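Geometric and topological summary
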Amino acid sequence: MRVFKFGGASVKDAAGVRNVFDVLQVAGYENVILVVSAMGKTTNALEVVIKNYFAKSRELQSSVQEVRKYHNEILIDLFEDDKHAVFAAVNKLFSDLENFLSENKSPNYNFVYDQIVSYGELISTTIISHYMTFRGITTEWLDVRNFIKTDTNYRDATVDWDATQKNITKNVKTKLLNITQGFLGSDENNFTTTLGREGSDYTAAIFAYCLNAESVTIWKDVPGVMNADPRYFENAVLLNQISYREAIELAFYGATVIHPKTLQPLQRKEIPLYVKSFINPTLAGTSVSKGADLEPHSPCFIVKKNQLLISLSSINFSFIMEENISEIFALLHQFKMKVHLIQNSAISFSVCVDDKFGNFKELKSLLSKKFKVTHNDDVSLYTIRHFTDAASKIVENGKDVLIKQVSRETMQIVTKAE
Ligand code: ADP
Ligand code: ASP
Ligand code: MG
C-alpha cells in the first residue's frame, strides 16, 4: 500500500483536479490511499463562516454562499452534465452544513469550529472521488472519521492510536484506490475533530503507520524540500535526500512544506517519505529516509512570520527563576501559544511565540499582575540550520535584529518585520 497526499494548492481549481488524475496515471493508483485536503483556501473561507456565525453577523449567509459558489464553479467545469450525481452529493453536504448552523446549540467555539471547517475536506473528497469515477478509475470514498479516533481537544486533537489502528486494520480495503479526507478525525461520541491547521500531511502518516505502508508521497507545488522556502529566498535549492532527523528539525523550526507531526510515525516504522512536485510528477523530488544525510550540510533557512515577542521583567527587581518560569509556561500552555524561542537574563525573560488563537490580550492581563510586560507584534523568527557567517549575513542584512541565539547546529534570529 502507498499513501498519497494532495494538499489544497493541488486541487484549487478544476485544472488541479484534472492534474490529480494525470499524476495518478504517472504514479499508479492501485493499492493507494489518497488523502486530500480542502480545495484551495476553503478552510480559511470556512473560518470566516465560523466568525460570522459567532458574531451573529448578517454576512453569515453570504460567506456560506461564497464557499458554495467556488465549489460549484469547479463542478461545472469538471462535469459537463449538471444532472451528474456529484451535484446532489455536494448539495447535500451544504444543506447539512446549513442545518448545523441553524440548529447548533453549543457555545463551545472550538467544537463548533471543527464541525464546520470539516466540510472543506468532505466536499473536496466527494468531488474528487466522483471525478475519478467519471474518468474511469474505481474509487472507494472513506469517511476518515470512521478510522481516525481522537480525544476531544477540538482544533488540535490528539490521536488515539490504539482505536485508530484497530479501525484501519479492520476496515481499509487494499487493492483499490481509496480516497479520504486529511485533517479530520472524530471523538468517542463521533463528533468531528481536527488535527490542527495544515494537518493533512499528518493524516497520510497515520494511515501509513497503521497499514505498514510501503511509502508516503506528499505532492506539492514545489520540487521537493528545498534549503529554504522559495517564496522568501531566491536561489533556494532542492535537497535530494535527507534523514528523518534533518526533516524533523526543519519541520519543527517551521519549514511548512512538511507538517511537523508527520515524520515521527514514519520514522518509527522506517517508511520513506517522498516530497514531490504535482506539476512535474516524473521528477524525483526529495526522499526522506533513515540514515546519514547524503547532502553536504549546507545552510537551510526557515522563516516564521507574524510571531509575537513577549518580554517580561520583574516588578520588584527580583530574579525570574524556576518558580516564575514554570508559572509563565503554564499560562502559555493554557493559552495555546507555541513557544519557538526562549531567552532569559537575571531580571528579564523573553519568549517568541505564535499566538495562533489570538489569546495574547488575555494572557497579558494575567502576566501583568506579576511582571512588567512588553511586547513586539509581528516579528519574524529566522532559523538557520548548519549556519555559516555568510548565511547569517543574508538574514541580518538590512534588518532590525532583536535577538540572536546560537546552538551547535542552529542559529535563530528574531527581527522586526521589514
Ligand atoms: P499543501 O498544499 O500540501 O498544504 P503547503 O502549501 O503547506 O502545501 O506546502 C508547500 C509550500 O511550502 C510551498 O509552496 C513553499 O512555499 C513552502 N515551503 C516552506 N518551506 C519550504 C522548503 N524548505 N522547501 C520547499 N517548500 C517550502
Ligand atoms: N484544510 C486544512 C487546512 O487548510 C488542512 C490541510 O490543508 O492540511 O489547514
Ligand atoms: Mg497546506
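Calculation criteria
Residues numbered from 1 in each chain as written. Chains lettered and ligands numbered in written order. Predicted model: local features only at pLDDT ≥ 70, side-chain atom pairs only at ≥ 80, totals over all residues. Heavy atoms only, no water. UniProt positions renumbered as here; feature names shortened; annotations may be inferred. Near = heavy atom within 4 Å. Polar contact = N/O pair within 3.5 Å; in protein donor to acceptor, adjacent residues only side chain to side chain. Areas by Shrake-Rupley, 256 points an atom, 1.4 Å probe, with all protein chains shown as cover. Nonpolar A, V, L, I, M, F, W, Y, C, P; charged D, E, K, R; others polar. Helix = DSSP H or I, 4+ residues; strand = E, 2+ residues; numbered from the N terminus. Contact = heavy atoms within 4.5 Å. Axes fitted to C-alpha atoms, helices over the stretch in contact; angles between N-to-C directions. Parallel < 35°, antiparallel > 145°, perpendicular 65-115°, else oblique. Left-handed = near helix turned anticlockwise from the far one by under 90°. Patch = residues over 30% accessible without salt bridge, like charges linked within 9 Å, V, L, I, M, F, W, Y side chains within 5 Å. Salt bridge = Lys/Arg side-chain N within 4 Å of Asp/Glu carboxyl O. Core = buried A, V, L, I, M, F, W, Y, C linked by side-chain atoms within 4.5 Å. Buried < 20%, exposed > 50% of the residue type's maximum accessible area, 1.4 Å probe, protein only.

The name an unreviewed UniProt entry assigns to the protein is Aspartokinase, from the organism Flavobacterium kingsejongi. Under the UniProt heading Sequence similarities (unreviewed entry), the note attached to the protein is "Belongs to the aspartokinase family." As recorded by UniProt, the Catalytic activity (unreviewed entry) comment attached to the protein reads in full: "L-aspartate + ATP = 4-phospho-L-aspartate + ADP".

Some details on the site of ligand 1
Around ligand 1, 18 residues are found, and the nearest of them are Lys5, Lys220, Asp221, Asp229 and Arg231. At 2.7 Å, a side-chain N or O of aspartate 221 approaches an oxygen atom of ligand 1. Relative to its unbound accessible surface of 570 Å², ligand 1 loses 87% to contact with the protein. In terms of residue class, the shell around ligand 1 is built from eight nonpolar, four polar and six charged.

Some remarks on the UniProt feature "domain: Aspartate/glutamate/uridylate kinase" (unreviewed entry) in the protein
In the numbering used here, UniProt assigns the "domain: Aspartate/glutamate/uridylate kinase" (unreviewed entry) feature to residues 2-277. In the segment residues 2-277, helix accounts for 47% and strand for 14%; the C-alpha atoms at its two ends are 17 Å apart.

Observations concerning the site of ligand 2
The full set of residues close to ligand 2 is Ser37, Ala38, Thr43, Glu121, Phe183, Arg197, Glu198, Gly199 and Ser200. Between ligand 2 and threonine 43 there is a distance of 2.7 Å, counted from a nitrogen atom to a side-chain nitrogen or oxygen. Within the side chain of glutamate 121, a nitrogen or oxygen atom sits 2.7 Å from a nitrogen atom of ligand 2. Alone, ligand 2 offers 260 Å² of accessible surface; in the complex the protein occludes 92% of this. When its residues are assigned to classes, the shell around ligand 2 shows two nonpolar, four polar and three charged.

Things to note about the environment of valine 3
Residue placement: valine 3 occurs in strand 1 (residues 2-6). Spatially, the C-alpha atom of valine 3 lies 4.8 Å from that of isoleucine 33, the residues being 30 residues apart in sequence. In this structure valine 3 touches Ile33, Val35, Ala204, Phe207, Ala208, Ala213, Ser215, Val216 and Thr217, once residues within four positions along its chain are discounted.

Regarding the packing of helix 1 (residues 14-27) against helix 6 (residues 119-134)
It is at 10 Å that the axes of helix 1 and helix 6 come closest, and there the two elements cross at 55°. Looking at the two axes, helix 1 sits oblique to helix 6. For the pair helix 1 and helix 6, the crossing hand works out as right-handed. Between helix 1 and helix 6, the residues in contact are Val17, Arg18, Val20, Phe21 and Leu24 and Ile128, Tyr131 and Met132, respectively. Split into classes, the residues belonging to the contact of helix 1 with helix 6 amount to seven nonpolar, no polar and one charged.

Description of the UniProt feature "binding site: ATP" (unreviewed entry) in the protein
According to UniProt, the "binding site: ATP" (unreviewed entry) feature falls on Lys5, Phe6, Gly7, Gly8 and Arg231. Once residues within four sequence positions are removed from consideration, phenylalanine 6 is found in contact with Val20, Val23, Leu34, Val35, Val36, Ser37, Trp219 and Phe278.

Let's talk about a nonpolar patch on the surface
Side chains of Phe319, Met321 and Ile347 sit close together on the surface and give an oily, nonpolar patch of about 300 Å² of accessible area. Checked against the element boundaries, methionine 321 lands in the loop between strand 11 (300-314) and helix 11 (322-334).

A look at the nonpolar core
Counting residues in each nonpolar core, the largest one holds 109 residues, and the members touching the most others are Leu34 and Phe207. If we ignore the near neighbours within four places in the chain, the residues touching phenylalanine 207 are Val3, Ile33, Val144, Phe147, Ile148, Ile168, Val172 and Thr180. Judged by nonpolar contacts, the second largest core, of 18 residues, contains Ile310, Val353, Phe371 and Val373.

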